[in-house]
Amino acid sequence: MRQVLLTLLDNACRYAPGGTVAVQTFTAENRAGMRCLDTGPGMPLDAQVRAFDRFWRGDDSRARVSGGSGLGLSIVKAIARLHHGDATMDQ
């Protein structure tokens, strides 16, 4: 779960520079959850649908400075599923 949290925070900070990033934790129906919120510009709905796809990136740049390989959120989703959970995106 540490890797999930670090990846979500890194992603939020990268795409909401100068904005606010917050983490919320909660329990519901005998399950634990966490939510990473930011004040960034958000993503169009068609991009949200693909955000957890391997190697998909929301922008055309592949430079490490501005992004990466497009694996971060797909790894988050895989780890969540291994813990019998899921990873989703809300606008």
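The structure under discussion appears in the preceding block.
How each quantity is defined
- Residues numbered from 1 in each chain as written.
- Predicted model: local features only at pLDDT ≥ 70, side-chain atom pairs only at ≥ 80, totals over all residues.
- Heavy atoms only, no water.
- Helix = DSSP H or I, 4+ residues; strand = E, 2+ residues; numbered from the N terminus.
- Buried < 20%, exposed > 50% of the residue type's maximum accessible area, 1.4 Å probe, protein only.
- Contact = heavy atoms within 4.5 Å.
- Phe/Tyr/Trp six-rings, centres within 6.5 Å; stacked < 30°, edge-to-face > 60°.
- Lys NZ or Arg CZ within 6 Å of the ring centre and 35° of its normal.
- Core = buried A, V, L, I, M, F, W, Y, C linked by side-chain atoms within 4.5 Å.
- Salt bridge = Lys/Arg side-chain N within 4 Å of Asp/Glu carboxyl O.
- Expected span 1.5 Å × (residues − 1).
- Arc of directions from axis to C-beta.

Engineer: Before we move on, can you summarise the overall build of the chain with the specific residues and values?
Structural biologist: Counting its regular elements, the chain contains three helices and two strands. Scored against the burial criterion, the 91 residues of the chain give a buried share of 24%. When contacts within the chain are restricted to residue pairs at least 6 apart in sequence, those whose partners lie at least 24 apart make up 41%.

Engineer: Help me get a handle on the environment of Leu45, residues and values and all.
Structural biologist: Turning to its location among the elements, Leu45 is positioned in helix 2 (residues 45-50). Each C-alpha atom, one on Leu45 and one on Met89, is 9.8 Å from the other, the two residues being 44 residues apart in sequence.

Engineer: A description of the packing of aromatic side chains should follow, citing residues and the corresponding values.
Structural biologist: Inspection of every chain in the model, using the stated rule, returns zero aromatic pairs. In this arrangement the basic side chain of Lys77 is found over the ring face of Phe52, its NZ or CZ atom lying 4.9 Å from the centre.

Engineer: Lay out the nonpolar core in plain terms, naming residues and giving numbers.
Structural biologist: Formed by Val4, Leu8, Ala51, Phe52, Leu73, Val76, Ile79, Ala80 and Ala87, the largest nonpolar core amounts to nine residues. Counting residues per element, the ones that place at least two in this core are helix 1 (2-15) and helix 3 (72-82). Counting residues per element, this core draws most heavily on helix 3, which supplies four residues.

Engineer: So, the side chain of Lys77: which residues are in play, and what are the values?
Structural biologist: Position of Lys77 relative to the elements: it lies in helix 3. Contacts of Lys77, omitting those with residues within four sequence positions, involve Phe52, Asp86 and Ala87.

Engineer: Would you mind going over the pattern of salt bridges in detail, with residue names and values included?
Structural biologist: Under the definition given, this model contains four salt bridges. In this structure, the salt-bridge partner of Arg81 is Asp86, at a minimum N-O distance of 3.6 Å. A residue is classified by how much of its surface remains accessible, and Arg81, at 52% relative accessible area, is exposed. Residue Asp86 is classed as partly exposed on the basis of its relative accessible area, which comes to 46%.

Engineer: Describe helix 1, with residues and values.
Structural biologist: In this model helix 1 runs 20 Å from its N-terminal to its C-terminal C-alpha over 14 residues, within 8% of the 20 Å that 1.5 Å per residue would give. Taken together, the buried positions of helix 1 are occupied by Val4, Thr7, Leu8 and Ala12. Viewed along the axis of helix 1, the buried residues span an arc of 130 degrees, placing them on a single side of the element. Close packing links the buried residues of helix 1 with strand 1 (21-28), strand 2 (31-38) and helix 3.

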